[in-house]
Amino acid sequence: MAVETKYVVVRKGEEKMTFANKKDADAWDKMLDMADAFTDWLQQHQPELGEAQAEALGLLLAEQKDAVQHILRTSKLPESVKEEEVAVATEASAETETEAAAPEKKVRAVKAA
């Protein structure tokens, strides 16, 4: 018989997620704390938002905290977001074009000194 240790994140009496290690469970719990804080803040400043919308936005902001922090620091989208938008736009234009193929630009990696 095998014994397994599981870490369960519980919010308001409801099991949210189960993890195999404490580090991942703590990280998820911290992200949910951040989502709750964003939700409360959104409801205070935008009372016309519904509770479900505020929770969805709060969770999105918490899940994407690295991108949010980058935008706050630089006032620009992070490179990963730009690349995803370019990929989506490229796929969409490829579907609408029949035979016209645009030459691709070569991307060069540059190391910082």
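Note that the structure is a prediction, hence the values are computed from the model and not measured.

Draft legend 1. Up close: the overall build of the chain. When its secondary structure is counted, the chain shows four helices and two strands. Seen in sequence order, the chain has helices and strands lined up from the N terminus as β-β-α-α-α-α. Sequence separation of at least 24 residues holds for 16% of the intrachain contacts in the chain that already meet a minimum separation of 6. Entry remark: accessible area of the chain is about 10000 Å², with carbon and sulfur atoms responsible for 55%.

Draft legend 2. Main features of the pattern of salt bridges. The full count for this structure, using the stated rule, is five salt bridges. Where Asp33 meets Arg11, a salt bridge forms, and the shortest distance between an N and an O atom there is 2.4 Å. Placement of Asp33 in helix 1 (residues 22-45) and of Arg11 in strand 1 (residues 7-11) is noted, with a sequence separation of 22 residues between them. Owing to a relative accessible area of 14%, Arg11 belongs among the buried residues under this scheme. One salt bridge connects Glu14 with Lys16, and the closest N-O pair in it is separated by 3.7 Å. On the basis of relative accessible area, Lys16 is assigned to the partly exposed category, the value being 41%. When salt bridges with common partners are traced through the structure, they connect Arg11, Asp29, Asp33 and Asp36 into a single cluster.

Draft legend 3. View of the nonpolar core. Among the nonpolar cores identified, the biggest contains seven residues, and these are Val9, Phe19, Ala25, Met31, Leu32, Ala35 and Ala62. Tallying contributions element by element places helix 1 first for this core, with four residues. Other than its neighbours up to four places away in sequence, Leu32 contacts Val9, Arg11, Lys16 and Leu59.

Draft legend 4. Representation of the packing of helix 1 against helix 2 (residues 51-63) within the structure. Viewed as axis vectors pointing N to C, helix 1 and helix 2 meet at an angle of 135 degrees, and their least axial separation amounts to 7 Å. One element, helix 1, and the other, helix 2, form an angle in the oblique class. Helix-helix and strand crossings are classified by hand; for helix 1 and helix 2 the assignment is right-handed. Facing helix 1, whose interface residues are Met31, Leu32, Met34, Ala35, Phe38, Thr39, Leu42 and Gln43, helix 2 presents Glu51, Ala54, Glu55, Leu57, Gly58, Leu59, Leu61, Ala62 and Glu63. Of the residues that constitute the contact of helix 1 with helix 2, the class distribution is eleven nonpolar, three polar and three charged.

Draft legend 5. Summary view of the pairing of strand 1. In this sheet, strand 2 (residues 14-19) lies alongside strand 1 in antiparallel orientation, the contact comprising five bridges. Bridging across to strand 2, Tyr7 finds its partner in Phe19. The antiparallel pairing of strand 1 with strand 2 creates a hairpin that spans two residues between the two strands, and Lys12 there sits at a positive phi of about 50 degrees.

Draft legend 6. Local environment of helix 1. Compared with the 34 Å implied by 1.5 Å per residue over 24 residues, the 35 Å span of helix 1 between its first and last C-alpha is a close match. Turning to helix 1, its buried residues are Ala25, Met31, Leu32, Ala35, Thr39 and Leu42. Buried residues along helix 1 sit in contact with strand 1, strand 2 and helix 2. You can read the cap of helix 1 off the contacts: a side-chain oxygen lies 3.4 Å from the backbone nitrogen of Lys23, and it is on Asn21.

Thresholds, definitions, all that
Residues numbered from 1 in each chain as written. Predicted model: local features only at pLDDT ≥ 70, side-chain atom pairs only at ≥ 80, totals over all residues. Heavy atoms only, no water. Helix = DSSP H or I, 4+ residues; strand = E, 2+ residues; numbered from the N terminus. Contact = heavy atoms within 4.5 Å. Areas by Shrake-Rupley, 256 points an atom, 1.4 Å probe, with all protein chains shown as cover. Salt bridge = Lys/Arg side-chain N within 4 Å of Asp/Glu carboxyl O. Buried < 20%, exposed > 50% of the residue type's maximum accessible area, 1.4 Å probe, protein only. Core = buried A, V, L, I, M, F, W, Y, C linked by side-chain atoms within 4.5 Å. Axes fitted to C-alpha atoms, helices over the stretch in contact; angles between N-to-C directions. Parallel < 35°, antiparallel > 145°, perpendicular 65-115°, else oblique. Left-handed = near helix turned anticlockwise from the far one by under 90°. Nonpolar A, V, L, I, M, F, W, Y, C, P; charged D, E, K, R; others polar. Pairing = 2+ DSSP bridges. Expected span 1.5 Å × (residues − 1). Polar contact = N/O pair within 3.5 Å; in protein donor to acceptor, adjacent residues only side chain to side chain.

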